[in-house]
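# Examining the three-dimensional arrangement
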Amino acid sequence: MDSFEFNKVFAAVIASVLFIMVIGIVAETPFHKETGKPAFTIEVAEAATTEAVVDAGPSFAELMAGADADRGARQWNKCKACHTIDKDGGNRTGPNLYGIVGRTVAALDGFRYSGALEALGTSVWTYEMVDEWLANPQAMAKGSKMVLAVPKAGQRADLIAYLAGFTDAPVPMPTVEAVEEEADEAAETVEAATGN
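Residues numbered from 1 in each chain as written. Predicted model: local features only at pLDDT ≥ 70, side-chain atom pairs only at ≥ 80, totals over all residues. Heavy atoms only, no water.

## So, the packing of aromatic side chains
In plain terms, the rule: Under the pairing criterion, centres of Phe, Tyr and Trp rings, with the six-membered ring standing for Trp, must be within 6.5 Å; the plane angle then separates stacked pairs below 30 degrees from edge-to-face pairs above 60, leaving the rest tilted. Numbering of helices and strands runs from the N terminus, with a helix taken as a DSSP run of H or I at least four residues long and a strand as a DSSP run of E at least two residues long. To sort residues, take the accessible area from a 1.4 Å probe on protein chains only and compare it with the maximum for the residue type: under 20% means buried, over 50% means exposed, and anything in between is partly exposed.
Summed over the entire model, instances satisfying the criterion amount to 5 aromatic pairs. On the numbers, 6.3 Å between centres and 15 degrees between planes, the contact of Phe6 with Phe10 is stacked. Taken as a pair, Phe6 and Phe10 lie in helix H1 (residues 3–28) at a separation of 4 residues, close to a single helical turn. Arranged with centres 4.8 Å apart and planes meeting at 75 degrees, the rings of Phe111 and Tyr113 form a pair that is edge-to-face. Side by side, Phe111 and Tyr113 carry an identical accessibility label, which is buried. Through pairs of rings, three or more aromatic residues link up here, namely Trp76, Tyr162 and Phe166.

And the structure:
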């Protein structure tokens, strides 16, 4: 190969590389962001904003009013590997849950509870407390042996409705009217205390 042929090949390679570089630069230009920091920051007072109204969804009492024990039985299938629910049923990895609502926390004879659950003291399992427990047992009693959670509120309500049917002393379900009355009474108490 003579020098003229070599120069043509070399020029073609250089032209190709330059062409690719130019295409890359042109393609990046619309998407390029400056990453430098400003020399100084100007503090600007934030305008007063109105609080956004957040829809928290239905209340626990509303969820319980629409709860379905038959759907809760399907949720129970996840639980029965560790728990029993029959009257006089034995314990497994977790305690028997017969009569759980209304029972004192960590008080079932014959079951060795974790220190985390025993630390809750003499609390009584209410519907709301069972709901909180099922939502995130580790948040309620860090170090508890129970790790399975039921993150969906509707599924928890169904499961709680199912569990509530297994007891000798049924505890009345929370009702929307009772919750509203309690909220009204609490608001009246606050108004009386503050003089508003």
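## Description of the environment of Phe166
Just so we agree on the cut-off: Every residue pair with non-hydrogen atoms within 4.5 Å of one another is taken to be in contact.
In this structure, Phe166 sits in the loop between helix H7 (153–164) and helix H8 (176–194). Here the alpha-carbon distance between Phe166 and Tyr98, two residues 68 residues apart in the chain, equals 5.4 Å. Residue contacts for Phe166: discarding those within four places in its chain leaves Ile85, Tyr98 and Gly99.

## A closer look at the packing of helix H5 (residues 127–135) against H7
Applicable threshold: An axis is simply a line fitted to the C-alpha atoms; with a helix, the fit covers only the stretch in contact. Between two such axes, the angle follows the N-to-C directions and lies from 0 to 180 degrees. For this classification, under 35 degrees means roughly parallel, over 145 means roughly antiparallel, 65 to 115 means roughly perpendicular, and everything else is oblique. In this scheme, a crossing is called left-handed if the near helix is turned counterclockwise away from the far one by less than a right angle; it is called right-handed if the turn is clockwise. Each residue gets one of three labels, nonpolar for Ala, Val, Leu, Ile, Met, Phe, Trp, Tyr, Cys and Pro, charged for Asp, Glu, Lys and Arg, and polar for the others, Gly among them.
As a packed pair, H5 and H7 sit with axes 10 Å apart at the nearest point and diverge in direction by 130 degrees. Considering the angle they form, H5 stands oblique to H7. Both H5 and H7 take part in a crossing whose hand is right-handed. Residues Tyr127, Val130, Asp131, Leu134 and Ala135 of H5 form the contact with H7, whose own contacting residues are Arg156, Leu159, Ile160 and Ala164. For the contact of H5 with H7, a count of residues per class yields 7 nonpolar, no polar and 2 charged.

## Focus on the pattern of salt bridges
Heads up, the rule is: When a carboxyl oxygen of Asp or Glu is within 4 Å of a side-chain nitrogen of Lys or Arg, the pair counts as a salt bridge.
With the rule as written, the count across this model stands at 5 salt bridges. Here Asp168 makes a salt bridge to Lys87, at a shortest N to O gap of 2.9 Å. Linking Asp168 in the loop between H7 and H8 with Lys87 in the loop between helix H3 (69–79) and helix H4 (115–118), this pair joins segments that are 81 residues apart in sequence. Exposure remark for Asp168: the relative accessible area of 54% places this residue in the exposed category. Overlapping salt bridges bring together Asp68, Arg71 and Asp158 as one network.

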